[in-house]
Amino acid sequence: MCGITGYITLPGHNKEQATLRIKKMADAIAHRGPDEEGFYVDEHAALGHKRLSIIDLSSGQQPMESFDGNYQIVFNGEIYNYQEIQKDLINKGYKFRTNSDTEVILNAFIEWGNECVKRFNGMFAFVIWDVKEQSVFAARDRVGKKPFYYTWDGHTFAFASEIKALLAGGFSKKQINPRALDCYFSMGFIPVPYSIFKDVHKLPPAHVLIATPSGELTKSRYWELDFGTPRSLTMGQAAEELEALLTDAVKIRLVSEVPLGAFLSGGIDSSIVVSLMSKIMDQPVITNTIGFDNRKFSELPAAATIAEFLTTNHHEFVISPNASETIGQMAAFFDEPFADSSALPTWHVCKMARENVTVAISGDGGDEAFGGYTFRYVPHQMESKLRSEIPSVVRSSLFSLLGKLYPAGAKLPKYLRLKTILENLSISDAQAFYNDLIWLRTDIRQKLYSKNFMETLKGFSPAEMVIPLYQQSSAQDPVSRSQHTDIQCYMTDDVLVKVDRMSMAHALEVRNPLLDYRVLEFAAKLPYRLKLNNGSGKQILRHLAGQKLPPEIQKLPKQGFSIPAADWLRTDLKDTLQDVVNNSRIIKDSLDHNSLNRILHQHQTKRIDHNVFLWV
């Protein structure tokens, strides 16, 4: 696991100046790789690498040169099946100087060209510089576990694991992208391909990028998750097949020459992963769990039950964080606005885990792959059924009117969500999914944004980034289409960004067996009933949990990695929040001050809970 950065300028550059520049860029992301650094500079290219040593500690340094000297590579991530690919290449006559997955990528590219990425099972972002042809080949893993930012002006291609390296190299004018800011206010994150800056872009997951001496830059997709016709499987058949897949997915992620452990939340996903680790490993699994003083937001009791059952080497951390101080520290690692409040407990569990391991296995991905977001998926499925049974004329007129008339913030049990239901019934499945995903309601958005900001957007809506993903899905039911959209949007640009930045801030590598592409492909073809049934998600994972874990774990409801944000914004963070509202230039330019203060007052007086948007 590492940090990569570099730039290729086709007109050419001064090598001495380029050396100073690339070192400055690499230093900006030194936290991603504190063990070693390496650089390559020629007349056109400058590549930098910061290494967190996990495999082949004695060699595998980067940038790495190909055997014939024609190629240079910088790589961030892990290829879990690299030994298998290495054997194939040796049989074809390739020689290896190291036992690193970096050299396997390099030789695989030489042998199979652009198609090499289809052979890799892992998390990766890499760049290969063709010294002779003066061309760039870059790639990002299937679901975007590893980040890849770049700039391109037709002459110079610059890239990095984090935006701060591009800024250190002077590759951005730092002009705010209003569309990205709109997406952030609405969803809490900035989706591919945008970044907060107009001239900095994200390479989408499952894509390769090629830049040529003629000034062309092209991107193409190499993998698509197929949610087509479900397979005909019983629960028993599916569980047996999934257990075999997960066992192998866990096994290949246990290769490490440094201490390795796991995150254990007490939920189904991480508990199943740790149970498989316990079965494979010949020593107790090192498990790490954090909790808050507020027991409502603590997973310690459930995690302790699992740890005792599996006889793990368990570590618990109870934290009473200085929220204001921690937020400031976290922000430095995101480089752009990011508002998933679970980043805060993720920061702490990574910090604590790093005290006893360098690699942590995580249960991330189970909700997206197996239908765990029941608070969105269950009502979405029910509303879709109603939409199909009610004449469109009635839906578009009556329910639309009722939705507008029903007061926002009305005191009703959360599961009734009547205003949202009324509005959703008047629109399409895709639009309704978007309504459930966003944090800032469309009607509030219209009132909250300043006139100048609305004019700057020129009619853009974040819905343009989400609805097409839903509409283009090959899935045959609304829940599967929702999953497909979440995997391409929310998971990539929220969940995985959070885990990458918070773990790398502490030089901790996190591996996700539930996001093995074979597991995802299997889950995509599961019958609906094996994912969601009677309002409960992840049915097949619950079935596996019933075979391997204490009975109470199988029945646990979905619990997010949450914090008491609503209370903090009225207490510990009250002054910080008020300071942002009063003094942030971006807030002043983008939002209507009267409307924002009205929302703030409603929250502080406990009339309406606006903690989600105020955390943004």
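Because the structure is predicted, anything quoted here is derived from the model rather than measured.

Definitions and limits used
- Residues numbered from 1 in each chain as written.
- Predicted model: local features only at pLDDT ≥ 70, side-chain atom pairs only at ≥ 80, totals over all residues.
- Heavy atoms only, no water.
- Helix = DSSP H or I, 4+ residues; strand = E, 2+ residues; numbered from the N terminus.
- Polar contact = N/O pair within 3.5 Å; in protein donor to acceptor, adjacent residues only side chain to side chain.
- Contact = heavy atoms within 4.5 Å.
- Expected span 1.5 Å × (residues − 1).
- Buried < 20%, exposed > 50% of the residue type's maximum accessible area, 1.4 Å probe, protein only.
- Pairing = 2+ DSSP bridges.
- Axes fitted to C-alpha atoms, helices over the stretch in contact; angles between N-to-C directions.
- Core = buried A, V, L, I, M, F, W, Y, C linked by side-chain atoms within 4.5 Å.
- Disulfide = S-S within 2.5 Å.
- Parallel < 35°, antiparallel > 145°, perpendicular 65-115°, else oblique.
- Left-handed = near helix turned anticlockwise from the far one by under 90°.
- Nonpolar A, V, L, I, M, F, W, Y, C, P; charged D, E, K, R; others polar.

Time to look at the side chain of Gln539. Tracing the backbone shows Gln539 in helix H22 (residues 539-548). Looking at Gln539, its side chain comes within polar contact range of the main-chain oxygen of Ser536, at 3.0 Å. When sequence neighbours within four positions are dropped, the list of residues in contact with Gln539 reads Met235, Arg529, Leu530, Lys531, Leu532 and Asn533.

Right, let's get into helix H3 (residues 101-112). Taking 1.5 Å as the rise per residue, H3 with 12 residues should run 16 Å; its terminal C-alpha atoms sit 16 Å apart, in good agreement. Buried within H3 we find Asp101, Thr102, Glu103, Val104, Ile105, Leu106, Asn107, Ala108, Phe109 and Trp112. In this structure, the buried side of H3 is in contact with strand S4 (64-65), strand S5 (71-79), helix H2 (82-91), strand S6 (122-130) and strand S7 (135-140). Immediately beyond the C-terminal end of H3, within one or two residues, lies Gly113, with a positive phi of roughly 65°.

What the six strands build is an open sheet, ordered S2-S3-S1-S9-S8-S10; its pairing is antiparallel. Looking at the sheet topology across the chains shown, the edges are occupied by strand S2 (36-41) and strand S10 (201-202). Inspection of the sheet shows strand S1 (residues 2-9) paired to strand S9 (residues 156-160) by five bridges, in the antiparallel sense. Directly across from Tyr7, in S9, lies its bridge partner Ala158.

Strand order in the open sheet formed by six strands is S4-S5-S6-S7-S11-S12, and the pairing between neighbours is antiparallel. Edge positions in the sheet fall to S4 and strand S12 (217-221), since each has one partner strand and no second. Of the pairings in the sheet, the one linking S6 to S7 comprises six bridges and is antiparallel in character. Bridge pairing links Asp130 to Ser135 in S7. Across the face of the sheet, H3 comes into contact with S4, S5, S6 and S7 while running at roughly 125° to S5.

So, about the nonpolar core. Val117, Phe120, Phe126, Phe185, Met277 and Phe370 are the most contacted members of the largest nonpolar core, which has 175 residues in total. Broken down by element, the residue count for this core peaks at eight residues, all from helix H20 (residues 490-504). Sequence-distant contacts of Phe185, that is, excluding residues within four places in its chain, are made with Leu440, Tyr449, Phe453, Ile587, Ser590, Leu591, Phe613 and Val616. Among the nonpolar cores identified, the runner-up in size contains 19 residues, and Ile4, Leu10, Ala45 and Ala211 belong to it.

Below, the discussion takes up the state of the cysteines. As enumerated under the stated definition, the model contains zero disulfides in all. With no disulfide of its own, Cys2 lies closest to Cys350 among cysteine sulfurs, the gap being 17 Å.

With that settled, the discussion passes to the packing of helix H15 (residues 429-437) against helix H18 (residues 463-471). With their axes 9 Å apart at the nearest point, H15 and H18 run at an angle of 130° to one another. Classified by the angle between their axes, H15 and H18 sit oblique to one another. Seen from above, H15 lies across H18 with right-handed handedness. Facing Asp429, Ala430, Gln431, Phe433, Tyr434 and Leu437 of H15, the residues of H18 in contact are Ala463, Val466, Ile467, Tyr470 and Gln471. Of the residues belonging to the contact of H15 with H18, the class tally is eight nonpolar, two polar and one charged.

Among the 10 residues of helix H5 (residues 178-187), nine are classified as buried, and the element is accordingly described as predominantly covered. Within H5 the residues assigned to the buried category are Pro178, Ala180, Leu181, Asp182, Cys183, Tyr184, Phe185, Ser186 and Met187. N-capping of H5 is provided by Asn177, with a side-chain oxygen placed 3.0 Å from the backbone N of Arg179. Gly188 lies just past H5 and shows a positive phi near 90°.

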